[in-house]
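# Analysis of the macromolecular model
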Amino acid sequence: VSTQSTGGDNWPNQGEIDIIEGVNEQNYDQTTLHTSNGCDMSQEPSGSFSGNWQKGTAGNNATNCYVHAANQYDNQGCSINDGYGNYGASLNNIGGGVFATQWYSGAIKTWFFTHSNTPADLINNNPNPANWGKPVANFALGSQCSSSHFGPQRIIIDLTFCGDWAGSVFGQDCPNKGSCTSYVQNNPSAFKDAYWQINYVKVFQ
């Protein structure tokens, strides 16, 4: 798993916002919220974002942010597929890009920009999300999910080899390669591109 996210100290009661997340040979980013019970995004209009909901265990949209929600994989959260080409090898092939997140009392939204399409106001450290167009993910905060589900956050950037998620789906994502732990142990050259190259991380408030 490679992740750039934020998380509160009292997980999941202070929430978690996964901005960049994926596993194995995945070529699309997922934006996901993980919360305590009582945060539901099923009323979010699909036209308010350009991505698509990830699917739960019954083929349903994964719109419940609660980490133990019914009809979703454990700790799946409410998760939006941001579209192909902005994760993994596909992201490397276009030279990377810029991920931006807006978090305020009314919503949590994310955008992805290629370097050539990054808004000038963001480059100039004067971000104005109102000018960025439709976000790839949009999670409204209010009656269906109170903003109190999210407390102070820490920025977390990590690579996890195998683990609960990547390890459990390794067989289907990477057939004929044995177990995840065995593959990692015996094929170090396969991970020569498994690192972060970060130009900057900026926080505006």
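Above this text is the structure in question.
Heads up: these notes are all about the structure in this document. (Residues numbered from 1 in each chain as written. Predicted model: local features only at pLDDT ≥ 70, side-chain atom pairs only at ≥ 80, totals over all residues. Heavy atoms only, no water.)

Before going further, it helps to examine the packing of aromatic side chains. In the structure shown here, the tally under the stated rule is 8 aromatic pairs. Relative to Phe-112, the ring of Phe-99 has its centre 4.8 Å away and its plane inclined at 50°; by these criteria the two rings are tilted. Pair noted here: Phe-99 is in strand E6 (residues 98-104) and Phe-112 is in strand E7 (residues 107-113), with a separation of 13 residues, a long-range link. According to the relative accessible area criterion, Phe-99 is partly exposed, its value standing at 22%. For Phe-112, a relative accessible area of 18% gives the class buried. Connected via pairs of aromatic rings, a cluster forms that spans Phe-161, Phe-170, Tyr-183 and Phe-191. Above the face of the Tyr-200 ring, Lys-202 is positioned so that its terminal group lies 4.5 Å from the ring centre. (Phe/Tyr/Trp six-rings, centres within 6.5 Å; stacked < 30°, edge-to-face > 60°. Helix = DSSP H or I, 4+ residues; strand = E, 2+ residues; numbered from the N terminus. Buried < 20%, exposed > 50% of the residue type's maximum accessible area, 1.4 Å probe, protein only. Lys NZ or Arg CZ within 6 Å of the ring centre and 35° of its normal.)

This brings us to the nonpolar core. Formed by 18 residues in total, the largest nonpolar core has its most connected members in Leu-33, Met-41, Trp-53, Cys-78, Ile-108, Phe-139 and Phe-150. For this core, the elements supplying multiple residues, two or more each, are strand E2 (16-22), strand E5 (78-84) and strand E8 (137-140). A per-element tally of this core places E2 first, with 3 residues. If near-sequence neighbours (up to four positions away) are discounted, Phe-150 is found in contact with Gln-14, Gly-15, Glu-16, Ile-17, Leu-33, Thr-35, Trp-103, Ile-108, Leu-141 and Cys-145. Judged by nonpolar contacts, the second largest core, of 6 residues, contains Val-98, Ala-100, Phe-113 and Trp-132. (Core = buried A, V, L, I, M, F, W, Y, C linked by side-chain atoms within 4.5 Å. Contact = heavy atoms within 4.5 Å.)

The subject of this paragraph is the pattern of salt bridges. Applying the stated criterion across every chain yields a total of 3 salt bridges. Taking the shortest distance from any N to any O, the salt bridge between Lys-177 and Glu-25 comes out at 3.3 Å. In this pair, Lys-177 sits in the loop between helix H3 (163-173) and helix H4 (180-186) while Glu-25 sits in the loop between E2 and strand E3 (28-34), placing the two residues 152 residues apart along the sequence. Take Lys-177: its relative accessible area is 32%, and that puts it in the partly exposed class. Its relative accessible area of 56% is what places Glu-25 among the exposed residues. (Salt bridge = Lys/Arg side-chain N within 4 Å of Asp/Glu carboxyl O.)

Bringing H3 into the picture now. Within H3 the residues assigned to the buried category are Ala-166, Val-169 and Phe-170. With its buried residues spanning 150° around the axis, H3 presents them on a single face. Of the exposed residues in H3, the ones pointing more than 90 degrees away from its buried face are Asp-164, Ser-168 and Gln-172. Those residues of H3 that are buried lie in contact with H4. (Arc of directions from axis to C-beta.)

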